[in-house]
Amino acid sequence: MPVKLSKKYLQNFIREDEYASISHQIAAAHTLLENRSGAGNDFLGWLDLPVNYDKEEFARIQAAAKRIRESCDVLVVIGIGGSYLGARAAIEFLNSPFYNQLRKPGTPEILFCGNNISGDYLNDIIAMCGDRDICVNVISKSGTTTEPAVAFRYFRDYLIKKYGADGAKQRIFATTDKARGTLKELSDREGYETFVIPDDVGGRYSVLTAVGLLPIAVAGCDIKRLMQGAADARAAYSVPDMTKNDAYLYAAIRNILYNKGYSMELMVCYEPRFREMNEWIKQLYGESEGKDNKGLFPASVIFSTDLHSLGQYVQDGRRQMFETVVTIDKPVSEFIIPEEKENFDGLNFLAGKPMSYVNRKAFEGTLLAHTEEGHVPNVIVSIDKADEYELGYLIYFFEKTTAVSGYVLGINPFDQPGVESYKRNMFALLGKPGYEDLKKELEARL
């Protein structure tokens, strides 16, 4: 199986009978998903998406990606949250954290904006675009979310001024609602090509829809293999028995440790290409489980880098976390450590060894230090290599785990009511029409 889970290093933290005790809750969560009878069941489109996706739209995504690659130097992807995290994570995982500098011939730079409210950041994106040819992929269900809407205002106007209205409409690709909303109405009126954010797939589960697939395809990645990996994971993780289903076993582990008082899950990888995957996972977990004063707090590190900053806390700080370590067995490329004639750094004992070997020993040494001396539980999730098939499998693994884990926790894993609180206050303080009374109330409290 492409994704493998090991609970070997949990032996001192979870007893075997505890797995048996939670198995009925896992089975109940499975039934809620399969029967589509649980909370948030109108957002379960991701469950069968890897096999039931729109094949006609998929072909249009591939064709649009080809046109984008052929017509521009820069693709600007405008979106926030699930509308950009998955695509960025996949692109960097499959290529490099230096994608824009090392991208494949014939692929454009890909810049992400509309994911914050910083004028400095947006001005930097604009400066990086310069006078080069650009295309825009704006991703928004409604078209009115503040962060992407502000960015799209600028780039739409820029494209019209540079290429004219007819030229601009060939360079704007909107991923939005199928039938309604401001962005859909604008796109239909102006003639932008549109792709669909399905009604039954929430943002953080949307990377395998057009939301993620179009930018990923523009980067030269094989989205058919990505979907095949997810399809095979769907089949593998449909088994209700958690002893034969690693996604369910992982959900059980997370809930057992949570019930023992662990409040934080630290996502760990030893490859920098996984950094943005960590960010995607943090949204998936945080937005799905952080409700009703419940849920594990998701945090992340890249080792060995962060062993030199947060490593001390993990080893000796407050005992409140467990680690989920994602290992990639085969490196994309290899670096052989050279011999130094004078051996000034004392590292000639490593000469001739591949860097991946040293990285593996760093993982093993840290694993033993954290579990045996630091008493930090460690879950190990392994994949063979960083390719499209394994990534699709891994994405579905985390999505299925999140859904089951949320149901065991007793919450709706598919809504995000808390996200609306900051928006309401922000709109009021900005003076949005209809918020006048709240504006007065908030300003009095500041």
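Structure: see above.
Residues numbered from 1 in each chain as written. Predicted model: local features only at pLDDT ≥ 70, side-chain atom pairs only at ≥ 80, totals over all residues. Heavy atoms only, no water.

### What about helix H12 (residues 275-289)?
For the record, the criterion: Numbering of helices and strands starts at the N terminus; helices are DSSP runs of H or I of at least 4 residues and strands are runs of E of at least 2. The span you would expect from a helix comes to 1.5 Å times its residue count less one. Note on classification: 1.4 Å probe, protein chains only; a residue is buried when its accessible area is under 20% of the maximum for its type, exposed when over 50%, partly exposed between these limits. Residues count as neighbours in contact if any of their non-hydrogen atoms are within 4.5 Å of one another.
The end-to-end C-alpha separation of H12 is 21 Å, in line with the 21 Å expected for 15 residues at 1.5 Å each. Of all the positions in H12, only Glu-276, Met-277, Asn-278, Trp-280, Ile-281, Gln-283, Leu-284, Tyr-285, Ser-288 and Glu-289 are classed as buried. Summarising the contacts, the buried residues of H12 are in contact with helix H4 (85-94), helix H11 (246-259), strand E7 (264-269), strand E8 (297-302) and helix H15 (388-409).

### Description of the environment of Ala-65
With respect to the helices and strands, Ala-65 occurs in helix H3 (residues 55-71). Between the C-alpha atom of Ala-65 and that of Ile-216, which follows or precedes it by 151 residues, the distance is 8.7 Å.

### Focus on the sheet that holds strand E2 (residues 74-78)
Across a sheet, paired strands are connected by hydrogen bonds in the backbone, their directions being either parallel or antiparallel. We count it as follows: When DSSP locates at least two bridges between a pair of strands, those strands are taken to pair. Every angle, taken between N-to-C directions, lies between 0 and 180 degrees, and every axis is a line fitted to C-alpha atoms, over only the stretch in contact when it is a helix.
If you walk across this open sheet you meet the five strands as E3-E2-E4-E5-E6, and the pairing is parallel. Strand pairing shows two members of the sheet lacking a second neighbour, strand E3 (109-113) and strand E6 (193-196), which therefore form its edges. Across this sheet, the average inter-strand angle for adjacent strands is 20°, counted without regard to direction. Note that E2 and strand E4 (residues 134-139) share five bridges and pair parallel. Counterpart to Val-74 in the pairing with E4 is Ile-134. Across the sheet, helix H6 (residues 119-129) touches E2, E3 and E4, and the angle it forms with E3 is around 160°.

### A word on unusual backbone geometry
Of note, the bond from Phe-303 into Ser-304 is cis; its omega dihedral lies within 30 degrees of zero at 5°. Examined against the element boundaries, Ser-304 turns out to sit in the loop between E8 and helix H13 (311-316). Here Asn-293, not a glycine, exhibits a phi torsion of approximately 60°, which is positive.

### Description of the sheet that holds strand E9 (residues 321-328)
Taken in spatial order, the five strands of this open sheet run E1-E10-E9-E7-E8, and their pairing is mixed. Two strands bound the open sheet, and with one partner strand each, they are strand E1 (3-6) and E8. Adjacent strand axes in the sheet meet at a mean angle of 20°, parallel and antiparallel pairs treated alike. Examined bridge by bridge, E7 and E9 share six bridges and lie parallel to one another. Residue pairing in the sheet places Leu-266 in a bridge with Glu-323 of E9. Across the sheet, H11 touches E1, E7, E9 and strand E10 (378-383), and the angle it forms with E1 is around 35°.

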